[in-house]
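Given next are the chains, with one letter for each unit.
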Amino acid sequence: MTAHVLILCTHNSARSVLAETMLNHWARRLGRDVRAHSAGSAPSGRVNPHALAALERAGIDTAGVRSKNWDEFAAPDAPRMRIVITVCDQAAAEQCPFWPGSPVKMHWGYPDPSNAAEADKPQAFELTRQAIGYRMLQLLQLPIDTMSDAELQAALDEIARR
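Residues numbered from 1 in each chain as written. Predicted model: local features only at pLDDT ≥ 70, side-chain atom pairs only at ≥ 80, totals over all residues. Heavy atoms only, no water.

Enquirer: Describe in detail the sheet that holds strand β3 (residues 81-86), supporting the description with residues and values.
Expert: Spatially, four strands are ordered β2-β1-β3-β4 in an open sheet, and the strand pairing comes out parallel. At either margin of the open sheet sits one strand with a lone partner, and together these are β2 (34-39) and β4 (104-107). Looking at each pair of strands side by side, their axes are set apart by 20° on average, direction ignored. Pairing of strand β1 (residues 3-8) with β3 involves five bridges; the strand directions are parallel. Residue pairing in the sheet places L6 in a bridge with V84 of β3. Those strands touched by helix α1 (residues 15-30) are β1 and β2, and its axis lies near 170° from that of β2. (Pairing = 2+ DSSP bridges. Helix = DSSP H or I, 4+ residues; strand = E, 2+ residues; numbered from the N terminus. Axes fitted to C-alpha atoms, helices over the stretch in contact; angles between N-to-C directions. Contact = heavy atoms within 4.5 Å.)

Enquirer: If you had to explain the nonpolar core to someone new, which residues and values would you point to?
Expert: Core analysis: the biggest nonpolar cluster contains 38 residues, and I7, L23, I85, W108 and L156 have the highest contact counts within it. Ranked by residues supplied to this core, first place goes to α1 with six residues. Beyond its immediate chain neighbours, meaning those up to four positions away, L156 contacts I83, V104, M106, W108, L139 and L142. Counting residues in hydrophobic clusters, the runner-up holds eight residues, among them L8, A39, F73 and M81. (Core = buried A, V, L, I, M, F, W, Y, C linked by side-chain atoms within 4.5 Å. Buried < 20%, exposed > 50% of the residue type's maximum accessible area, 1.4 Å probe, protein only.)

Enquirer: Just give me the short version of the pattern of salt bridges, but keep the residues and values in it.
Expert: If charged atoms from side chains of opposite charge come close, those side chains can pair. Overall, the coordinates contain seven salt bridges when judged by the stated rule. Between D112 and R15 there is a salt bridge, with the nearest N and O atoms lying 3.7 Å from each other. Highlighted residues: D112 in the loop between β4 and α4 (121-140) and R15 in helix α1, separated in sequence by 97 residues. One salt bridge in this structure joins E20 and K68, with 3.3 Å as the shortest N-O distance. Of this pair, E20 sits in helix α1 while K68 sits in the loop between α2 (49-57) and β3, and the two are 48 residues apart along the sequence. (Salt bridge = Lys/Arg side-chain N within 4 Å of Asp/Glu carboxyl O.)

Here's what the structure looks like:
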């Protein structure tokens, strides 16, 4: 059974999109039955072009990547989420809707690379992509499908401390 992971950031234009795309990339490469989704409470309606460029430079497929509202994943017919991760402090502080499946929740905050000076944005987005990608790889090393919620929460907390 596919383990679904929802990654949230307020505008769903950069960090959460990087996380979704990197987790799906690594899951395919490793043959893991894990599917990432991303969304935001106030999506911008577009994916930051610097995020797309960082992914494309790394050879990551960006086809189908789009900015989404988190309401898509709170609907009764939405996939049952195993894990919900917030990647920006603002989203972590927001009152989230009820997620089908009562998933394990985690906050892994990252600075917003969009705040970098224009000339520094390519490097800021690349460093953010690498940091998020490494953490998603760590998540995929876990036996998610056999872990209890308590075991999964403890393992995610341990990854956060590293």
